[in-house]
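Each chain, written out:
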Amino acid sequence: MTLSEALPLIPRWPWTRRRWERDEVLREQVTLLRQNFPMTLLASLATALGTLWVMARVADTQVVSIWLVSHALVVIGVYATLRGMAPQRDPVLHSARKLMACMAAMGLSWGSLGYVVLYWGTPESVIYAIGIVSTVSSGALGLGAPLYRAYITYLTCAVGGIFVAVAMSGGPAMWPALFLVLVYYALTGLQASTGDTATRRSIALKLENERLVAELRAESHRALAAQAEAERADRDKSRFLAAASHDLRQPLHAMGLFLETLQRSPMSPHQLTVLGHAQAASGAAVEMLTTLLDYSRLEAGVVKMRPAAFAVQPLLTALEQEFGVQADNCGLVYRTHETSTAAHADRSLVMLVMHNFISNALRYTARGGVLIACRRRGRRIALEVWDTGAGIPQSQWENIFQEFHQLGNPERDRRKGLGLGLAIVKRLAREMGTSVELSSRPGRGSVFRLWLDAWQGALEDEAPPSFNHFDLTGLHVLAIDDDESVRLGMQALLQSWGCHCTTAESSADALEHIEDSTPDLIITDFRLRHEETGKQVLQALRAYLGVSVPAIIMTGDTSPQRLRDAQTTSALLLHKPVSTGQLRDAIVQLVSGTPSPTEAPPTEAATASGEEAP
């Protein structure tokens, strides 16, 4: 309903017949008039008492007193009628007619004062009556303003009595007096019309605002519902990714063991070719699951930034050692510009960002090559990855950093990844408080930049300790996993390192096997049977043994909530698939109290070694 629809046409004269307004506006008018009436009735009684005091000098006091009593009875009747009204529930036309009847009763009561002075008063009393009725009518203008018809009814009844009294009284002043009464009636009616128009416009605006507010609330409710649906879909996605990742990592562990066993066996050239394809497929699956894990760790908020000064060149050298062979196999050139620059950032997170940049560049470059460079810009440095690939249209520069968004992969070829690498990069850059940039020309290639703070001071020149020759002979390790093949594989691996390994499938089983012997180290899977978790296992064993045994939790779960839960275990958290080198380094770190020589990012750790721990 618009404002123009809510407002009926304004009549040119107050006595022109009006149509009833729309129900919504009329109901508001009736409600306002009903609210104003009680106070007006009290004012009318007070004015009637004053009228008795004034008219007692120019009219019969007894008759005026009778008029006062009759006026009081009219007021009581009107009040009783008002008490029985419910404008918001009753039919609106019925309520409007009731109010018009009440206004008519009040008008007739005041108009009857003209007959009192005409028959029981002096000639001067008519003048008194004109003054009193005009004053009362003007005072009632505020009451009747919300409903024009009701006020005109009241004004006609009140002034009509006086008009008749003046006409019947005669005398030389009759015609001027009648003219003045008519002028008063017309002007007061016109004023009432103006007030009625303003009231209806205000009511229409109020109704329009209420409608807009209702629409806004409805839109807000729809937006909240859509947000809740999106959040639920996001939770469903996270649960799906977590379940898929966890369920696939266990058979991938077993597959890695079988492929490693086959590789050590004598095979024909054809079998070696088939084994190579199988290892490539296994590596692709591991890379996708590791990417999901990286993304889930970011969503879970368990990735913490630990900035420190480091030389950039060793990081670039490590990347070249990893990706150089891959580039050669693809017939691409891989070049790194030497640099002596140092940066102040989290080296492992920078490594993960560069890993995703380079993987993306090699994946989408068919000919030419990839160039890795470090450029100094004042107090900042830019790590750059240049490629000669297909390039990216500028309209897609923002979209490629969104989750699962890929260009040139309509068939969803999983050899081109999941479309999460650049989304991970964007989240990591935000975590480090920096930014990434993209410049690209279709058909000419692209360049991705990661901005870091430059380090001005000296770097610590300490060679990290080597764990390759650390002796683990005699170390008592308790390994807990609900998968029998994983327990057997873990036992064989640890025994090959000289460890004494006890295996169990749950905390209760572990308590039976260790008896009073305290293990030197506990390795447990995070998700076990019967809703038991590695956190609960560690709590039970540590409480039973009375000592906080060093522990490693291995998990293939990508659920943000589970990752946060695992972070609170006071144990070293390793994400499956875990390489044998990574597992050995973690064991030595815990039993020797020496920091790990390398803290590779998840993607690097997952792909750095072809030999995997179960």
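Residues numbered from 1 in each chain as written. Predicted model: local features only at pLDDT ≥ 70, side-chain atom pairs only at ≥ 80, totals over all residues. Heavy atoms only, no water.

A. Quick peek at the overall build of the chain. Scanning the chain from N- to C-terminus turns up 19 helices and 12 strands. Of all 614 residues assigned to the chain, the portion counted as buried reaches 47%. Taking the contacts inside the chain whose residues are at least 6 apart along the sequence as the reference set, 75% of them involve residues at least 24 apart. Approximately 31000 Å² of the chain is accessible, and the part contributed by carbon and sulfur atoms is 57%. (Helix = DSSP H or I, 4+ residues; strand = E, 2+ residues; numbered from the N terminus. Buried < 20%, exposed > 50% of the residue type's maximum accessible area, 1.4 Å probe, protein only. Contact = heavy atoms within 4.5 Å. Areas by Shrake-Rupley, 256 points an atom, 1.4 Å probe, with all protein chains shown as cover.)

B. Representation of a nonpolar patch on the surface in the model. On the surface, Y115, Y119, W120 and M168 cluster together to form a nonpolar patch covering roughly 470 Å² of accessible area. The leading source of residues in the nonpolar patch is helix α5 (residues 113-120), at three residues. With respect to the secondary-structure elements, W120 resides in helix α5. Here W120 falls in the partly exposed class, since its relative accessible area comes to 45%. (Patch = residues over 30% accessible without salt bridge, like charges linked within 9 Å, V, L, I, M, F, W, Y side chains within 5 Å. Salt bridge = Lys/Arg side-chain N within 4 Å of Asp/Glu carboxyl O.)

C. Structural view of the packing of helix α4 (residues 92-111) against α5. Where α4 contacts α5, the two axes come as close as 4 Å, and the packing angle between them is 15 degrees. Between α4 and α5, the crossing angle belongs to the class labelled roughly parallel. On the side of α4, the interface is formed by S109, W110 and G111, while α5 contributes L113, G114 and Y115. (Axes fitted to C-alpha atoms, helices over the stretch in contact; angles between N-to-C directions. Parallel < 35°, antiparallel > 145°, perpendicular 65-115°, else oblique.)

D. Layout of the nonpolar core. Grouped together as the largest cluster of nonpolar side chains are 52 residues, with contacts concentrated most on F37, M106, W110, Y151 and Y154. Of all the secondary-structure elements, those providing two or more residues to this core are α2 (23-55), α3 (61-83), α4, α5, α6 (123-139), α8 (148-169) and α9 (174-263). With 10 residues, α8 is the largest single contributor of residues to this core. L316, L332, M351 and L452 belong to the second largest nonpolar core, which has 38 residues in total. (Core = buried A, V, L, I, M, F, W, Y, C linked by side-chain atoms within 4.5 Å.)

E. Representation of unusual backbone geometry in the model. Positive phi, close to 55 degrees, is recorded for H530, a residue that is not glycine. Residue placement: H530 occurs in the loop between β10 (521-525) and α16 (534-545). Even without being glycine, E531 reaches a positive phi, approximately 60 degrees. When you line up the elements, E531 lands in the loop between β10 and α16.

F. Focus on the confidence of the model for the chain. Mean pLDDT for the chain: 75, with 75% of residues reaching 70 or above. Averaged over each element, pLDDT in the chain is lowest for helix α19 (residues 602-607) (35) and highest for strand β8 (residues 476-480) (92). Scored below 50 in pLDDT, residues 1-21 makes 54 contacts in the model with residues more than four places away or belonging to other chains. Note on residues 462-466: pLDDT is under 50 here. Beyond four places in sequence and across chains, it has four contacts. (pLDDT = per-residue confidence, 0-100.)

G. Geometry of the pattern of salt bridges. Using the criterion set out here, one finds six salt bridges in the structure. The closest approach of N and O atoms between R211 and E215, which form a salt bridge, is 2.5 Å. Remark: E215 and R211 occur in helix α9; sequence separation between them is four residues, near one turn of the helix. Owing to a relative accessible area of 29%, R211 belongs among the partly exposed residues under this scheme. Assessed through its relative accessible area of 42%, E215 is described here as partly exposed. Of the charged contacts, one joins R375 and E384 as a salt bridge, the two residues approaching to 2.6 Å between their closest N and O atoms. Assessed through its relative accessible area of 28%, R375 is described here as partly exposed. Overall, the relative accessible area of 2% leaves E384 in the buried class. A single network of salt bridges, built from pairs that share partners, joins R375, E384 and R449.

H. Spotlight on the side chain of Q313. Take Q313: it is sitting in helix α11 (residues 312-329). Using a relative accessible area of 14% as the deciding quantity, one classes Q313 as buried. Engagement of the side chain of Q313 in a polar contact is seen with the backbone nitrogen of T339, the distance being 2.9 Å. Sequence-distant contacts of Q313, that is, excluding residues within four places in its chain, are made with H337, E338 and T339. (Polar contact = N/O pair within 3.5 Å; in protein donor to acceptor, adjacent residues only side chain to side chain.)

I. Representation of empty space enclosed by the protein within the structure. Taken as a whole, this structure holds two cavities of 30 Å³ or more when the rule is applied. Here the largest cavity defines a volume of roughly 70 Å³. As for the largest cavity, its lining consists of 12 residues, of which I480, D481, V486, M490 and I523 are closest to the centre. Listing elements by their share of the lining of the largest cavity, those giving two or more residues are β8, α14 (484-496) and β10. (1 Å grid on protein atoms, 1.4 Å probe; cavity = no way out; pocket = protein on both sides within 12 Å on 5 of 7 lines; lining within 4 Å. Points joined across faces, edges and corners; volume = space filled by probe spheres on them.)

J. Seen up close, helix α18 (residues 580-592). Helix length check: α18 (13 residues) gives 18 Å between terminal C-alpha atoms against 18 Å at 1.5 Å per residue, within 8%. Looking at α18, one finds that the buried residues are T580, L583, R584, D585, A586, I587 and V588. Here the buried face of α18 lies against α14, β10, β11 (551-555) and β12 (572-575). Among the residues trailing α18, G593 stands out with phi positive, at a value near 75 degrees. (Expected span 1.5 Å × (residues − 1).)

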